[in-house]
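# Overview (structure and organization)
Chain by chain, the residues run as shown.
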Amino acid sequence: MERLVVHPEVREALAESKPVVFLETAVTTAGLPRTAWAWPNQDRITQLDSDWQLDQSTNLELARAMSRCVRANGAIPATTVIMDGCWHVGLEPTEVERIATDESASKASVSTAAAALHTGSTAGTTVSGALTAASMVRSAGLGTPKVLATGGIGGVHHGWSDRPDVSADLSVIAETPMTVVSAGIKSIVDVPATGEWLETLGVPILGLGTHEMPCFIAGTDPDAPAVQFVHHLEEAADLVQLHWQAVNGKGGVLLTVPLEAASCLPREVVQKANINAEQAASAAGVTGPARTPFLLSHMAEATEGRSLIANISLLLHNAAVATKLACRLS
Ligand code: PSU
Ligand code: MN
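All of the points below concern the structure found in this document.

Definitions and limits used
Residues numbered from 1 in each chain as written. Chains lettered and ligands numbered in written order. Predicted model: local features only at pLDDT ≥ 70, side-chain atom pairs only at ≥ 80, totals over all residues. Heavy atoms only, no water. Helix = DSSP H or I, 4+ residues; strand = E, 2+ residues; numbered from the N terminus. Expected span 1.5 Å × (residues − 1). Buried < 20%, exposed > 50% of the residue type's maximum accessible area, 1.4 Å probe, protein only. Near = heavy atom within 4 Å. Polar contact = N/O pair within 3.5 Å; in protein donor to acceptor, adjacent residues only side chain to side chain. Areas by Shrake-Rupley, 256 points an atom, 1.4 Å probe, with all protein chains shown as cover. 1 Å grid on protein atoms, 1.4 Å probe; cavity = no way out; pocket = protein on both sides within 12 Å on 5 of 7 lines; lining within 4 Å. Sits in = over half its atoms within 2 Å of the grid points. Nonpolar A, V, L, I, M, F, W, Y, C, P; charged D, E, K, R; others polar. Pairing = 2+ DSSP bridges. Axes fitted to C-alpha atoms, helices over the stretch in contact; angles between N-to-C directions. Parallel < 35°, antiparallel > 145°, perpendicular 65-115°, else oblique. Left-handed = near helix turned anticlockwise from the far one by under 90°. Contact = heavy atoms within 4.5 Å. Salt bridge = Lys/Arg side-chain N within 4 Å of Asp/Glu carboxyl O. Disulfide = S-S within 2.5 Å. Arc of directions from axis to C-beta. Points joined across faces, edges and corners; volume = space filled by probe spheres on them.

This next bit is on helix α13 (residues 306-329). Spanning 24 residues, α13 covers 34 Å between terminal C-alpha atoms, matching the ideal 34 Å at 1.5 Å per step. Counted residue by residue, α13 has 19 buried out of 24 residues, so it is predominantly covered.

For the rest of this paragraph, the subject is the site of ligand 1. In the neighbourhood of ligand 1, 19 residues make up the surrounding shell, with Lys 107, Ser 167, Asp 169, Lys 186 and Asn 311 lying closest. Within the contact set of ligand 1, an oxygen atom lies 3.0 Å away from a side-chain nitrogen or oxygen of Glu 24. The contact in question runs from an oxygen atom of ligand 1 to an N or O atom on the side chain of Lys 107, over 2.6 Å. Considered on its own, ligand 1 offers 480 Å² of accessible surface; in the complex 94% of this is hidden by protein. More than half of the atoms of ligand 1 fall within 2 Å of the grid points belonging to the largest pocket. Among the elements that take part in the shell around ligand 1, helix α2 (residues 26-31) stands out by supplying three residues, more than any other. The residue makeup of the shell around ligand 1, split by class, is five nonpolar, 10 polar and four charged.

Most of strand β3 (residues 76-83) is tucked away: eight of the eight residues are buried. The alternating pattern of β3 places Ile 76, Ala 78, Thr 80 and Ile 82 on one face and Pro 77, Thr 79, Val 81 and Met 83 on the opposite face, and all of these are buried. Both strand β2 (residues 20-23) and β3 contribute to a ladder of four bridges, which runs parallel. Each bridged residue has a counterpart across the sheet, and for Val 20 the counterpart in β3 is Ile 76. Note that β3 and strand β4 (residues 86-89) share four bridges and pair antiparallel. Residue pairing across strands places Met 83 opposite Cys 86, the latter belonging to β4. In sequence, β3 turns back onto β4 through a hairpin of two residues, with Asp 84 there showing a positive phi of about 50 degrees. For β3 and strand β6 (residues 123-125), the ladder comprises two bridges, and the chain directions are antiparallel.

A separate point is the packing of helix α10 (residues 233-246) against α13. To characterise two packed helices, one gives the angle between the axes of the helices and the distance between these axes. Where α10 contacts α13, the axes come no closer than 10 Å and their chain directions differ by 60 degrees. Looking at the two axes, α10 sits oblique to α13. The crossing of α10 and α13 is right-handed. Contacts between α10 and α13 pair Leu 233, Glu 234, Ala 237, Val 240 and Gln 241 from the former with Val 321, Lys 324, Leu 325, Arg 328 and Leu 329 from the latter. The class makeup of the residues in the contact of α10 with α13 is six nonpolar, one polar and three charged.

Mapped onto the fold, Asn 59 is located in helix α4 (residues 58-72). The exposure class of Asn 59 is buried, given its relative accessible area of 0%. Distance from Asn 59 to Thr 28, taken between C-alpha atoms, is 4.8 Å for residues 31 residues apart in sequence.

Right, let's talk about the pattern of salt bridges for a bit. Opposite charge on two side chains permits pairing when their charged atoms draw close. Applying the stated criterion across every chain yields a total of 10 salt bridges. One salt bridge in this structure joins Arg 64 and Glu 61, with 2.6 Å as the shortest N-O distance. Taken together, the positions of Arg 64 and Glu 61, both in helix α4 and three residues apart, correspond to about one turn of that helix. Exposure remark for Arg 64: the relative accessible area of 23% places this residue in the partly exposed category.

Counting across every chain of the model gives zero disulfides. Free of any disulfide, Cys 327 has its nearest cysteine sulfur in Cys 69, 11 Å distant. For Cys 327, a relative accessible area of 32% translates into the label partly exposed.

Here helix α1 (residues 8-15) has its buried residues at Val 10, Ala 13 and Leu 14. Seen from one end, α1 has its buried residues packed into an arc of 95 degrees, which puts them on one side. In α1, the exposed positions angled more than 90 degrees off the buried face are occupied by Pro 8 and Ala 15. Buried residues in α1 make contact with β1 (4-6), β2, β3, β4 and α7 (127-139). Just past α1, the residue Ser 17 takes up positive phi, approximately 55 degrees.

Counted as a void, the largest pocket has a volume near 530 Å³. In terms of lining residues, the largest pocket is bounded by 33 residues, among which Lys 107, Thr 126, Ser 167, Asp 169 and Thr 292 are the most central. For the lining of the largest pocket, the elements supplying multiple residues, two or more each, are α2, β5 (106-108), α7, α12 (291-302) and α13.

The next point concerns the packing of α4 against helix α5 (residues 93-101). Direction vectors running N to C along α4 and α5 enclose 145 degrees, while the axes themselves pass 9 Å from each other. Considering how the two elements wind past one another, α4 and α5 form a crossing that is right-handed. The residues of α5 that touch α4, namely those facing Asn 59, Leu 60, Ala 63 and Arg 64, are Val 96, Glu 97 and Ala 100. Tallied by class, residues from the contact of α4 with α5 come to four nonpolar, one polar and two charged.

See the structure below:
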């Protein structure tokens, strides 16, 4: 397929059924600040990743740290992005730098990918975009992608009864035979409604050491539908395989991993910041794909960077868990 560029290292690993972890890049191009760390507690960041360069932009360091984390745990990172009119799976360090520093870079979901390909612009892949890239790799006969790591998946935004702003992440997870490893559903959306929606779509939701749905930086949500408790990754891998047998290898599984309690932000703080952020978004007329990045950056300001520390922490933790799962599934 001429619009699909797969890095030789990823190609080789997939061909030999070695563990590969797919990574989305919307978090790099739209989810995190393009500025160096400008908040208190910078030592927390270097505790999470000792190679993190604080004078470099946060989004670039996160992209680098995710890849390092996957490699350190024994898999090959398959970072996905759209640039120069092609899907790219697996990037050179200079390409990672390029997507993180390109001011015009946007994000692409499955529904906006074609437009980004057409204009030749650079777009970070959302979860739905990255899963689409993985499906193209499978269709091209290059191997079987099994695991994707992200921070928190998109979902059903608040106010859905007036206007159903629902992330394409949900339907694409439902139709792609991969396991998405996340800290659950982003706390900026309606978490219980998103849990219900995933159940309707037939997506099993596993909780690593939890019965309650993890919700990103805000711990777990007791009001959301309960998730399937798994004690450890071996059990998660068993359930994933059993699901794929049952549905004849068709649908996706969501493995949720709660952020450790000490790093979570209090629910009231997150809820209050969310309400303010949504009001600011309506006042500024921010809707559609711009809504998630707007809410995340508002949250970072409102919490003086504490939401970012939690976000980076869960992203790296999820990358490590995803890698261990990929090793079990390969
Ligand atoms: N996780 C993060 N930060 C992010 C995202 C996830 O910690 O920015 C991205 C993911 O790529 C996810 C996307 O797929 O946000 C959801 O965007 P939307 O609601 O517009 O579909
Ligand atoms: Mn949307």
